[in-house]
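Listed here are the chains, written in short residue letters.
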Amino acid sequence: MTNEELFDTLPKDNPFTTPEGYFDNLTDRVMSRIGKEEKPVVHMNRYFRYIAAASCIIFVVSAGIWFTNQRENTPVISASDENAACWAYNLDKTALMAAVLEMEIPETGMEISYTDEQKREIISFLEKQDIPIESIMHNMNEE
Amino acid sequence: MSEHSDEHLLEMFRDENRKYKGFSAIVEQYKVRLYWHIRKIVVVHEDADDVLQNTFEKAWKGLSGFRQESALSTWLYRIATNEAVSFLNQKRQKGFAHLDNPDSVLLATLQDDAYFSGDQIQLQLQKAILNLPDKQRIVFNMKYFDEMKYEEMSAILNTSVGALKASYHHAVSRIKIYLESVSI
């Protein structure tokens, strides 16, 4: 018997079966399984994404500046730029002077007096820092 | 139910609002033929069900990257075939088969299978098929039962048409020898 003759006598029917109704709910089962695997995805509007990204950048930059200022402002007198100087003598002149003289910062409301030598040290320091001396001197002479 | 074109199914899937619906339509369209393709490889219904679910899960994860270099059906058949063969290899490695006859479990399952309704001749034919190496078995099933063209098989199995014809020829010869030995 040739191969062709043999296979002509053999059935081509599918001898396997499935449980009744197996295919009826198969799609639902597959989709249910896929749904469980999937994590919810939040879709953002394109403009909202830009705003969110810009907000993140602004936050990071602001935080960086804030931390830098915190470090630069401690001690107060080490700041050399004009803004820091203004901040120092307008808001906390006592602390400024104490730091220049390496003194302990007096408690709020306590009076502090300077000798001529101390005043020269302060002036010398402020000159090095490009801080307007006339204004400082005016404030000190008022005490 | 009428069949959707690959283009239509993929268009639905790629639309975020219709992604689930699109994939559901793909499952609906291909579930039966993929099931039978897998079932003929792994034999047992419960195993075929597991492998089919894994196949669709892989398809779901990979479909976004599908570049349509082949037909959708070819791509799905390829996943199904790989999954089924991997499943069988794992089953063999776990020791579910005897060393002298790797598919003895499959053969035994066939005889006791509640979901096998073939007569004696069909049982012997299936036993003969199960005695073939995996590749020959897959090629024989696709050609003999599914009447698939060699070109399509070549795309699915990533094998040349010439090699597939040779595999089919060897399979036929071995089945004939087996059937003659059991006096069919």
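Everything discussed here concerns the structure shown above.
Treat the numbers as computed from the prediction; the structure is a model and nothing was measured.

## Details of the packing of helix α6 (residues 120-130) of chain B against helix α9 (residues 161-181) of chain B
All names here are of chain B. The contact between α6 and α9 brings their axes to 9 Å, and the two run at 130°. Accordingly, the angle class assigned to the pair α6 and α9 is oblique. The interaxial crossing formed by α6 with α9 has right-handed handedness. Along its contact with α6, which presents Gln 124, Leu 125, Lys 127, Ala 128 and Ile 129, the element α9 presents Ile 175, Tyr 178 and Leu 179. Counted by class, the contact of α6 with α9 contains 6 nonpolar, 1 polar and 1 charged residues.

## Describing the nonpolar core
Counting 70 residues, the largest nonpolar core has B:Phe23, B:Val42, B:Leu63, B:Leu72, B:Phe140 and B:Ile175 as the members making the most contacts within it. Looking at this core element by element, the count peaks at 11 residues for helix α2 (residues 19-42) of chain B. Ignoring sequence-local partners within four residues, the contact set of B:Ile175 consists of A:Phe7, B:Leu125, B:Ala128, B:Ile129, B:Leu132 and B:Phe140.

## So, the packing of α2(B) against helix α7 (residues 134-145) of chain B
All names here are of chain B. One can describe the packing of α2 onto α7 by two numbers: an axis separation of 10 Å at closest approach and a directional angle of 135°. As far as their axial angle goes, α7 and α2 are oblique. The two elements α2 and α7 cross, and the hand of that crossing is right-handed. Facing α2, whose interface residues are His 37, Lys 40 and Ile 41, α7 presents Arg 137, Ile 138, Asn 141, Met 142 and Phe 145. Class assignment of the residues belonging to the contact of α2 with α7 gives a composition of 4 nonpolar, 2 polar and 2 charged.

## Looking at the packing of aromatic side chains
The geometry of an aromatic ring pair is captured by the separation of the ring centres together with the interplanar angle, meaning the angle of the planes. Under the definition given, this model contains 15 aromatic pairs over all chains. Aromatic side chains A:Tyr22 and B:Tyr35 sit 5.1 Å apart centroid to centroid with 50° between the ring planes, which places their arrangement in the tilted category. With A:Tyr22 in the loop between α1 (3-9) and α2 (26-37) and B:Tyr35 in helix α2, this residue pair bridges two chains. Like A:Tyr22, the residue B:Tyr35 is buried in the burial classification. Ring pairs connect the aromatic residues B:Phe13, B:Tyr20, B:Phe23, B:Phe56 and B:Trp60, which therefore count as one cluster. Residue placement shows A:Lys12 over the ring face of B:Tyr144; its charged tip is 4.8 Å from the ring centre. Above the plane of the ring of B:Trp60 lies B:Lys19, whose end atom (NZ or CZ) is 5.3 Å from the centre.

## Here's the deal with the interface of chain A and chain B
Each partner contributes residues to the interface: chain A has 28 residues there, and chain B has 41 residues. Taken together, the connections running from chain A to chain B amount to 3 salt bridges. Across the salt bridge formed by B:Glu57 and A:Arg33, the nearest N and O atoms sit 2.8 Å from each other. If you look at where chain A meets chain B, you find 11 residue pairs in polar contact (both at pLDDT 80 or more). Taken together, the elements giving at least two residues each to the side of chain A that touches chain B come down to α1 and α2 of chain A. Among the elements that line the side of chain A that touches chain B, the one with the most residues is α2(A), at 9 residues.

## Focus on the pattern of salt bridges
In total, this model carries 13 salt bridges over all chains according to the counting rule given. Here A:Arg29 and B:Asp49 are joined by a salt bridge, their closest N and O atoms 2.9 Å apart. Here A:Arg29, found in helix α2, pairs with B:Asp49, found in helix α3 (residues 45-62), and the two come from separate chains. Note on A:Arg29: relative accessible area 31%, which makes it partly exposed. Its salt-bridge partner being B:Lys91, residue B:Asp47 comes within 2.7 Å of it at the nearest N-O pair.

## Comments concerning α2(B)
All names here are of chain B. Helix geometry: α2 is bent most strongly at Lys 31, by close to 50°. Burial of α2 is extensive: 18 of the 24 residues sit out of reach of the surface. Among the residues trailing α2, Val 43 stands out with phi positive, at a value near 70°.

The rules we used
Residues numbered from 1 in each chain as written. Chains lettered and ligands numbered in written order. Predicted model: local features only at pLDDT ≥ 70, side-chain atom pairs only at ≥ 80, totals over all residues. Heavy atoms only, no water. Axes fitted to C-alpha atoms, helices over the stretch in contact; angles between N-to-C directions. Helix = DSSP H or I, 4+ residues; strand = E, 2+ residues; numbered from the N terminus. Parallel < 35°, antiparallel > 145°, perpendicular 65-115°, else oblique. Left-handed = near helix turned anticlockwise from the far one by under 90°. Contact = heavy atoms within 4.5 Å. Nonpolar A, V, L, I, M, F, W, Y, C, P; charged D, E, K, R; others polar. Core = buried A, V, L, I, M, F, W, Y, C linked by side-chain atoms within 4.5 Å. Buried < 20%, exposed > 50% of the residue type's maximum accessible area, 1.4 Å probe, protein only. Phe/Tyr/Trp six-rings, centres within 6.5 Å; stacked < 30°, edge-to-face > 60°. Lys NZ or Arg CZ within 6 Å of the ring centre and 35° of its normal. Salt bridge = Lys/Arg side-chain N within 4 Å of Asp/Glu carboxyl O. Polar contact = N/O pair within 3.5 Å; in protein donor to acceptor, adjacent residues only side chain to side chain. Bend = angle between axes of the 7 residues up to and from the residue.

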